[in-house]
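Each chain is listed here by its residues.
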Amino acid sequence: MLTFQPALRGARRIAASAVLAAVASCGGGDGGSTDSTRYVDANHYSMAAGASLATPNETTSVTHRALTLGGTAIAYTATAGHLTALDASQAAEASIFYVAYTADGAAAAARPVTFFFNGGPGSATIWLHLGSFAPRRLVTGVPATTQALPFPYVDNVDSLIDTSDLVFVDAVGTGLSEAIAPHTNQTYWGVDADAGVLRDFVQRWLAVNGRTASPLFLFGESYGTTRVPVLTRLLETAGRRVNGVVELSSILDYNSNCSVASGAPTVSCAGFLPSYAAVGSYYDLASAATGNLDADLATVRSYADATYDPDAIAWLGNHALLPDSHIAALVAFTGLPAAVWDAQFDMDFDTFRHHLIANTTLGVYDGRVSAPVGSALDAQDEPSNTFAEPGFEAAIRTVLPNDLGFTTPSTYVLSSDAIDTWDFSHGGRALPDVVPDLGAALSLDPSLKILFLGGEHDLITPFHQTELDIARLGSAAPVALHFHPGGHMTYLDDGSRPLMKAELVAFYASASGAR
Amino acid sequence: MRTVLIVSTIVSLLAAATVARATPHLDPGKPPASAQQAAQAETRTRRASVGATLDSDAERHLRASFEAADTAHHGTLSREEAQAGGFGWIANHFDAIDTQHMGRVSFDDVKRYLNLHRSGASTK
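In this text the structure is predicted, and so the values were computed from the model without any measurement.

Caption draft 1: Local environment of the overall build of chain B. Secondary structure assignment for chain B yields seven helices and two strands. Sequence separation of at least 24 residues holds for 32% of the intrachain contacts in chain B that already meet a minimum separation of 6.

Caption draft 2: Just the overall build of chain A, in detail. Each helix and strand counted, chain A has 13 helices and 17 strands in total. A compact globule built from 515 residues would reach a C-alpha radius of gyration of about 24 Å, and chain A, at 23 Å, matches this within 12%. Taken along its principal axes, the extent of the C-alpha atoms in chain A is 70 × 50 × 50 Å. Counting across all 515 residues of chain A, residues that qualify as buried make up 61%. Long-range pairs, those at least 24 residues apart, make up 73% of the contacts in chain A between residues at least 6 apart in sequence.

Caption draft 3: Geometry of the interface of chain B and chain A. If you look at the interface, chain B gives 54 residues, while chain A gives 65 residues. If you list the elements that add at least two residues to the side of chain B that touches chain A, you get helix H1 (2-18), helix H2 (33-43), helix H3 (51-69) and helix H5 (88-92) of chain B. By residue class, the composition of the side of chain B that touches chain A is 26 nonpolar, 18 polar and ten charged.

Caption draft 4: Focus on the domain arrangement of chain A. All names here are of chain A. According to the domain assignment, chain A contains domain 1 (35-256 + 391-511) and domain 2 (270-384). Using only C-alpha atoms to locate each centre, domain 1 and domain 2 end up separated by 31 Å. Here the side of domain 1 that touches domain 2 gets four residues from one element, more than from any other, and that element is helix H12 (residues 463-470). Residues of the side of domain 1 that touches domain 2, tallied by class, amount to eight nonpolar, nine polar and two charged.

Caption draft 5: The nonpolar core, seen in detail. Core analysis: the largest hydrophobic core is formed by 178 residues, its most contacted members being Val169 of chain A together with Ile90 of chain B. Considering each element in turn, this core owes the most residues, eight residues, to strand S5 (residues 92-103) of chain A. Shared between two domains, this core holds at least three residues of each, these being domain 1 (35-256 + 391-511) and domain 2 (270-384) of chain A. Beyond its immediate stretch of four places on either side in the chain, Val169 of chain A contacts Ile96, Tyr98, Phe115, Phe116, Phe117, Thr125, Leu198 and Phe201 of chain A.

Caption draft 6: Inspection of the packing of helix H5 (residues 273-282) of chain A against helix H6 (residues 293-318) of chain A at higher detail. All names here are of chain A. Running from N to C, H5 and H6 point in directions that differ by 140 degrees, and their axes come no closer than 8 Å. The two elements H5 and H6 cross, and the hand of that crossing is right-handed. Contacts between H5 and H6 pair Leu273, Pro274, Ala277, Ala278 and Ser281 from the former with Leu293, Asp296, Leu297, Val300, Arg301, Ala304 and Tyr308 from the latter. Its residues placed into classes, the contact of H5 with H6 shows nine nonpolar, one polar and two charged.

Caption draft 7: View of H2 of chain B. All names here are of chain B. The set of residues buried in H2 consists of Ala35, Gln36 and Ala39. Buried residues of H2 fall within an arc of 100 degrees about the axis and therefore sit on the same side. For H2, the exposed residues lying more than 90 degrees away from the buried face are Ala33, Ser34 and Ala41.

Caption draft 8: Structural context of the pairing of strand S6 (residues 113-117) of chain A. Residues and elements named next belong to chain A. Counted residue by residue, S6 has five buried out of five residues, so it is predominantly covered. Burial along S6 is two-sided: the face carrying Val113, Phe115 and Phe117 and the face carrying Thr114 and Phe116 are both buried. Here S6 runs beside strand S9 (residues 165-169); their pairing, made up of four bridges, is parallel. Looking at S9, one finds that Phe115 is bridged to Val167.

Caption draft 9: Structural context of the confidence of the model for chain B. Residue and element names in this part refer to chain B. For chain B, per-residue confidence averages 82 on the pLDDT scale, and 74% of positions sit at 70 or higher. Taken as a whole, residues 14-19 scores under 50 in pLDDT and shows two contacts with residues more than four places along the chain or in a different chain. A low-confidence stretch, residues 119-124 stays under pLDDT 50, and its non-local contacts, those more than four residues away or across chains, total 19 contacts. Interface confidence for the predicted complex, given as ipTM, is 0.89, next to a pTM of 0.92.

Caption draft 10: Examining the confidence of the model for chain A more closely. Mean pLDDT over chain A: 93, with 93% of residues reaching 70 or higher. Note that residues 1-33 of chain A has pLDDT below 50 and, in this model, 66 contacts with residues that lie over four places away or in other chains.

Caption draft 11: Inspection of the environment of Gly105 of chain A at higher detail. Among the secondary structure elements, Gly105 of chain A is positioned in the loop between S5 and S6. Taking the C-alpha atoms as reference points, Gly105 of chain A and Pro432 of chain A, separated by 327 residues in sequence, lie 41 Å from one another.

Caption draft 12: Region of the structure containing unusual backbone geometry. All names here are of chain A. The residue after Val142, namely Pro143, is reached through a cis peptide bond having omega 15 degrees. Here Pro143 is to be found in the loop between strand S7 (136-138) and strand S8 (153-155). Cis geometry marks the peptide bond from Ala181 to Pro182, where omega comes out at 10 degrees. By the element assignment, Pro182 lies in the loop between strand S10 (178-179) and helix H3 (191-208).

Caption draft 13: Seen up close, H5 of chain A. All names here are of chain A. Counting buried positions along H5 gives ten out of ten residues, so the element sits mostly inside the fold. Along H5, the residues that are buried comprise Leu273, Pro274, Ser275, Tyr276, Ala277, Ala278, Val279, Gly280, Ser281 and Tyr282. Looking at the buried positions of H5, the neighbouring elements they touch are H6, helix H7 (324-334), helix H9 (349-355), strand S13 (360-362) and H12. Looking one or two places after H5, you find Asp284, whose phi comes out positive at around 55 degrees.

Caption draft 14: Looking closely at the packing of H3 of chain A against helix H4 (residues 224-237) of chain A. All names here are of chain A. Running from amino to carboxyl end, H3 crosses H4 at an angle of 60 degrees, the nearest separation of the two axes being 9 Å. Compared by their axis directions, H3 and H4 come out oblique. The element H3 and its partner H4 pack so that their crossing is right-handed. Two secondary-structure elements touch here, H3 through Val191, Asp192, Asp194, Ala195, Gly196, Leu198, Arg199 and Val202 and H4 through Thr226, Arg227, Val230, Leu231, Leu234 and Leu235. Looking at the contact of H3 with H4 residue by residue, the class counts come to eight nonpolar, two polar and four charged.

Caption draft 15: Focus on the pairing of S5 of chain A. Residue and element names in this part refer to chain A. Burial analysis of S5 places eleven of its twelve residues in the buried class, the great majority of the element. Pairing of strand S4 (residues 72-86) with S5 involves eleven bridges; the strand directions are antiparallel. Across the sheet, the residue bridging to Thr79 is Ala100, located in S5. Counting the residues in the hairpin turn of S4 and S5 gives five residues, including Gln90, whose phi is positive at 65 degrees. Judged from the two bridges that link them, S5 and S10 form a sheet pairing that is antiparallel. Note on S10: the bridge partner recorded for Ala94 is Ala179. Relative to S9, S5 is paired through four bridges, and the arrangement is antiparallel. Opposite Tyr101, over in S9, you have Leu166 as the bridge partner.

Each value, and the rule that gives it
Residues numbered from 1 in each chain as written. Chains lettered and ligands numbered in written order. Predicted model: local features only at pLDDT ≥ 70, side-chain atom pairs only at ≥ 80, totals over all residues. Helix = DSSP H or I, 4+ residues; strand = E, 2+ residues; numbered from the N terminus. Contact = placed C-beta atoms within 7 Å. Rg over C-alpha atoms; globule rule 2.2 N^0.38 Å. Buried ≥ 20, exposed ≤ 12 C-beta atoms within 10 Å, placed from the backbone. Nonpolar A, V, L, I, M, F, W, Y, C, P; charged D, E, K, R; others polar. Domains from an automatic or database assignment. Core = buried A, V, L, I, M, F, W, Y, C linked by C-beta atoms within 7 Å. Axes fitted to C-alpha atoms, helices over the stretch in contact; angles between N-to-C directions. Left-handed = near helix turned anticlockwise from the far one by under 90°. Arc of directions from axis to C-beta. Pairing = 2+ DSSP bridges. pLDDT = per-residue confidence, 0-100. Parallel < 35°, antiparallel > 145°, perpendicular 65-115°, else oblique.

This is the structure we're talking about:
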């Protein structure tokens, strides 16, 4: 575990024990509870750009279960269905699909509620829902790729349900969420429009469920970490305080990530170097590795900032060979051959992951996952996704009807074409930089707290780039960062998920209290 | 020696590029080409903002929300206009912002209040 900021102040325990006591006294559900309500939603939801729903339907399925954490049974209710986001004049904008897990019998004012968003843009919130901190999760065994399908769907002893109610939200044009006529899905396919409609959804969900007094948390992953800062600013502007923001595997500034654009990088890849070192070390290719990954990454981070960054900027200007000693240091840190550094000194993730090991492709999302070129796992040039996605896709098709009681003739869409026509412009720039959104939210609400989590082997949103981006807010900003072994979906790592859970509990305790 | 290695590596890089496989939508994925081109034109002249420049970028968002709420273009908002226009934060802090008890606040009034209440969490 790496912590680069002082621990959050005031580790105040929320009334978790009181919540648990109240829950236990209700008598737990067992999945076969008699008041569960299954629901068949006859609507046909489309995730196409021009699609537009004529008749929204807010009827939900309701199921009851219990999860035992630390010897205490927590009875909870799972609610799946749609809720309409309304604009300021109460006109319908979009029918948003969500699955909410709420502990039974908790006092609303003391009980946090957390809204989760995956990214893309165009990705449904299936990864966070089925893989992370919900009361049940899929077993993947990553970075191994040996877990057979179907992935087991098990009680999640690392669930956050002991700390917060959990609402997993699909953005418009993903999952089963569709714009309502006269709007189309395309209406909400932009940085600002997307955050605006999700603000309206969050506000309405809180109002409809009697939760306007609850501590509010927002949890984003990947593009979700671009979405959530904008959403946070919009909620704070609207007068709705946000207690805490959790950013997992972050892209805060599309202009600073050297690999998110097509073609060779045009900005320094210094933010990626420590992740390359972590991956090289994982394969025992980094001769500079000492066996202490945290210490090694601290060394590489310093080298990245002090030496590699100015070298990379110079190389981008003139493509001149760098001194042999600089190339040798990079080879020792990462294991990537000198000739590859000579050819592409400002190292993008695609060059790195295709050349670290001969005839082998490494995952973008998790560099620890590898596949021989031409193998089945390499079929999509992204072995970590090729391994995990079929298991998640198969699971959502059974979990929704069988476990959550929600049936629809529509297809739950994991990944739509939203990104092809997404309006990335934001704050006067062609590509979003959401650090100013966090700054604006903090100026409106100085008690807002922000937690960054991520995987040291994630090659698409590298942890050091997050450190560099958020450092712009200044050292006094109420920000904590924790990075662990793992990939982009860091929670899939069975060693790192419990560590993240503990960090989340401490974060919620520091951020949930009265102001 | 290194020249030879470079040539052979470039060949191998090109070879890798020709192995066309159907890459899935990545997350975060690559923005549309037009947005990438516009961003590249910008980044030649702009760097990531810090300090006062970042404060100014943050303020731009708040000013845009203020102007969106000010549908009558008065340059000021009443408590009710702020609430109805989506700037509920101003309505919630109205009396503290409206130090002159005018019943209307300007964006400069909002900035003055924010500066008075900056904490260590500020972007300075």
